[in-house]
Amino acid sequence: MQPQYQMGYDRAITVFSPDGRLYQVEYAREAVKRGTTAVGIKCKDGVILLVDKRVASRLLEPESIEKIYKIDEHIGVASSGLVGDARLLVDRARVEAQINRVTYDESIDVDTLAKKICDHMQVYTQFGGARPYGTALLIAGVSEGESRLFETDPSGTLLEYKATGIGIGRAAVMKVFEEEYDPEMDVKQGVHLGLKALHAATEGKFDVTTVEIGVIEVENPVFRKMEPEEVKAFVDATEFETPAGEE
């Protein structure tokens, strides 16, 4: 049951509540919080994206669920929230990257692309007749020999992180990162830390077949998704802590 003062203020995206809130944007953030956990980690020699695809039915083909996307040669994205919304933003990001390449004959900077996507998301918090995007993105890439990691928000907010997570397991992921993140770690160490964070977020219930990993290295700035065999090798080599209450 909504409080009396809230009634009416959550019916239109253009109306602020008396306490300065846009309820439709907050509802969109809730959609992100209910999405699968996605993790981004910036390392000294690259940046990594990891996603637990959370297959809800044994009848579902895990390969049909895509949560990590290649935007340009040097940029990748991980999503959490409404899959259809994420796919639309990914398509727009790919177009922006190609427009920049055609116009300036060079690849787009990671921060420039992230700002363009967030500007587009912000528009849908300002005009009636449309709803905000119910998705958040982790945008990872390499620009000018430096790894970059950005997080977007349904409100259009843009933040740069050393390591972060989005989705239902964000709190558990951030706890692991606060305790164990080291800016001097390399990509291999970063993958192990990311897997530990996903393991904590899923309370030890993630399956290697549902984990997706994307990586881009500073020395070879080409974004790629790891093959299942490579992911399995990392999972097998990672030391996981046993969740509380289990032996």
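All figures in this text were calculated on a predicted structure; none of them were measured in a lab.

Procedures and definitions
- Residues numbered from 1 in each chain as written.
- Predicted model: local features only at pLDDT ≥ 70, side-chain atom pairs only at ≥ 80, totals over all residues.
- Heavy atoms only, no water.
- Phe/Tyr/Trp six-rings, centres within 6.5 Å; stacked < 30°, edge-to-face > 60°.
- Buried < 20%, exposed > 50% of the residue type's maximum accessible area, 1.4 Å probe, protein only.
- Helix = DSSP H or I, 4+ residues; strand = E, 2+ residues; numbered from the N terminus.
- Pairing = 2+ DSSP bridges.
- Expected span 1.5 Å × (residues − 1).
- Contact = heavy atoms within 4.5 Å.
- Axes fitted to C-alpha atoms, helices over the stretch in contact; angles between N-to-C directions.
- Parallel < 35°, antiparallel > 145°, perpendicular 65-115°, else oblique.
- Left-handed = near helix turned anticlockwise from the far one by under 90°.
- Nonpolar A, V, L, I, M, F, W, Y, C, P; charged D, E, K, R; others polar.
- UniProt positions renumbered as here; feature names shortened; annotations may be inferred.
- Salt bridge = Lys/Arg side-chain N within 4 Å of Asp/Glu carboxyl O.

Peer 1: Quick one: what's the story with the packing of aromatic side chains, residue by residue and with numbers?
Peer 2: All told, the structure shown has 2 aromatic pairs when counted by the stated rule. On the basis of an interplanar angle of 70° and a centroid distance of 5.2 Å, the ring pair of Y124 and Y133 is categorised as edge-to-face. What makes Y124 partly exposed here is its relative accessible area of 28%. Judged by its relative accessible area of 7%, Y133 falls in the buried class.

Peer 1: Lay out the pairing of strand β9 (residues 211-217) with the relevant residues and their values.
Peer 2: Both faces of the sheet carry side chains from a regular strand, because those side chains alternate between them. The element β9 is extensively covered by neighbouring structure, given that 6 of its 7 residues are classed as buried. Alignment of strand β2 (residues 46-52) against β9, held across 7 bridges, turns out to be antiparallel. What sits directly across from G46, in β9, is E217. Alignment of β9 against strand β10 (residues 224-225), held across 2 bridges, turns out to be antiparallel. The residue bridging V215 from the neighbouring strand is R224, located in β10.

Peer 1: Lay out helix α3 (residues 110-123) with the relevant residues and their values.
Peer 2: For α3, which comprises 14 residues, the first-to-last C-alpha distance of 20 Å matches the rise-based estimate of 20 Å (1.5 Å per residue) to within 8%. Contact partners of the buried residues in α3: β3 (68-72), β4 (75-81), α2 (83-104), β5 (135-143), β6 (146-152) and β7 (158-160).

Peer 1: How would you explain the environment of D207 if you had to name every residue and give the values?
Peer 2: Within the secondary structure layout, D207 lies in the loop between α5 (187-201) and β9. Spatially, the C-alpha atom of D207 lies 12 Å from that of A56, the residues being 151 residues apart in sequence.

Peer 1: Can you tell me about the packing of α2 against α3, naming the residues and giving the values?
Peer 2: For the pair α2 and α3, interaxial distance at closest approach is 10 Å and the crossing angle is 135°. The orientation of α2 relative to α3 falls into the category oblique. In terms of crossing hand, the pair formed by α2 and α3 is right-handed. Between α2, through L89, R92, A93, E96 and A97, and α3, the contact on the second element is made entirely by L113, K116, I117, H120 and M121. Among the residues forming the contact of α2 with α3, the class breakdown is 6 nonpolar, 1 polar and 3 charged.

Peer 1: Which residues make up the UniProt feature "domain: Proteasome alpha-type subunits" (unreviewed entry) in the protein chain, and what are the values?
Peer 2: The UniProt feature table records "domain: Proteasome alpha-type subunits" (unreviewed entry) at residues 9-31. Strand forms 0% of residues 9-31 and helix 39%; the C-alpha atoms that close the span are 19 Å apart.

Peer 1: Can you lay out the pattern of salt bridges for me, pointing to particular residues and giving the numbers?
Peer 2: Following the criterion strictly, the structure yields 18 salt bridges and no others. Between K225 and E66 there is a salt bridge, and its shortest N-O distance comes to 3.4 Å. Pair noted here: K225 is in strand β10 and E66 is in the loop between β2 and β3, with a separation of 159 residues, a long-range link. In this structure E66 comes out as partly exposed when scored by relative accessible area, which is 36%. One salt bridge in this structure joins E180 and K196, with 2.8 Å as the shortest N-O distance.

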